[in-house]
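Given next are the chains, with one letter for each unit.
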Amino acid sequence: MRVAPVTTSLRTAGATVWLTGLPSAGKTTLAFALADQLRASGRDVEILDGDEIRTYLSAGLGFSREDRDTHVRRIGYVAELLARHGVLVLVPVIAPYADTRDEVRARHAAQGTPHLQVHLSTPVEVCADRDVKGLYAKAARGEISHMTGIDDPYEVPADPDLRLDTSTHDLQGSVSALLDLLAGRNLL
Ligand SMILES: Nc1ncnc2c1ncn2[C@@H]1O[C@H](COP(=O)(O)OP(=O)(O)OP(=O)(O)O)[C@@H](O)[C@H]1O
Ligand SMILES: [Mg+2]
């Protein structure tokens, strides 16, 4: 007897993994390290990094609340589209406002697209010490304003899927925590 071909898709579900946290918390570093490992195992992965998006999709936007919200909504929209089609989308973007993060999460839920929120809770003192882009030093010298966590708000997520302090986990430990989260949700 011939067996009918399986017609359901065996493709792994896509998802958006939003990495929120202060400047220098480790979002970009962690996203790229995680992407390397996921790609090595054959997953389709895209990274929507805040800085890169600001040079293209969000070119011209600044750091007012309105512009930050527009930036986050645009990224959320693109992330959901990609995730809906099986891509694992990593989003290392500060996203300082809880309402806007919740909006993105709700949009994913409405579409039935998995969304995980990861809060990199690295303390501000550690972030300021790392100061990868020199922004904390500039803010301290009064050369820039609207610096998230210094003179602009960062609303700490109340109920993230994972909270991770990158000052107490090394990079591989942080990647492993994210892989465990994804595995626990059947997203690997
Ligand atoms: N466990 C860790 N995970 C991620 N980064 C780490 C970790 N431990 C140390 N670091 C270091 O912390 C710094 C984080 O910088 P990164 O650019 O990733 O921050 P960011 O959150 O993307 O900041 P921004 O919002 O300014 O883009 C890097 O120099 C990285 O090497
Ligand atoms: Mg970054």
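Model, not experiment: these values are computed from the prediction.

Q: Describe the site of ligand 1, naming the residues involved and giving the relevant values.
A: Around ligand 1 lies a shell of 18 residues, among which Ser24, Lys27, Thr29, Lys133 and His169 are the nearest. Lysine 27 places a polar side-chain atom, nitrogen or oxygen, 2.7 Å from an oxygen atom of ligand 1. Arginine 130 has a polar side-chain atom sitting 3.2 Å from an oxygen atom of ligand 1. Compared with its free state, where it exposes 640 Å², ligand 1 has 79% of that area covered by protein. Breaking the shell around ligand 1 down by element, the ones donating at least two residues are helix H1 (27-40) and helix H7 (171-184). Among the elements that make up the shell around ligand 1, the one with the highest residue count is H1 (three residues). For the shell around ligand 1, a count of residues per class yields six nonpolar, seven polar and five charged.

Q: Any chance you could break down the nonpolar core for me, citing the residues and the numbers?
A: Within the largest apolar cluster, 32 residues are counted, with the highest numbers of intra-cluster contacts made by Val17, Leu90 and Val118. Filtering out sequence-adjacent residues up to four positions away, leucine 90 remains in contact with Val17, Ala31, Leu34, Ala35, Val45, Glu46, Ile47 and Leu48. With 13 residues, the next largest nonpolar core counts Val72, Val87, Ala95 and Val104 among its residues.

The rules we used
Residues numbered from 1 in each chain as written. Chains lettered and ligands numbered in written order. Predicted model: local features only at pLDDT ≥ 70, side-chain atom pairs only at ≥ 80, totals over all residues. Heavy atoms only, no water. Near = heavy atom within 4 Å. Polar contact = N/O pair within 3.5 Å; in protein donor to acceptor, adjacent residues only side chain to side chain. Areas by Shrake-Rupley, 256 points an atom, 1.4 Å probe, with all protein chains shown as cover. Helix = DSSP H or I, 4+ residues; strand = E, 2+ residues; numbered from the N terminus. Nonpolar A, V, L, I, M, F, W, Y, C, P; charged D, E, K, R; others polar. Core = buried A, V, L, I, M, F, W, Y, C linked by side-chain atoms within 4.5 Å. Buried < 20%, exposed > 50% of the residue type's maximum accessible area, 1.4 Å probe, protein only. Contact = heavy atoms within 4.5 Å.

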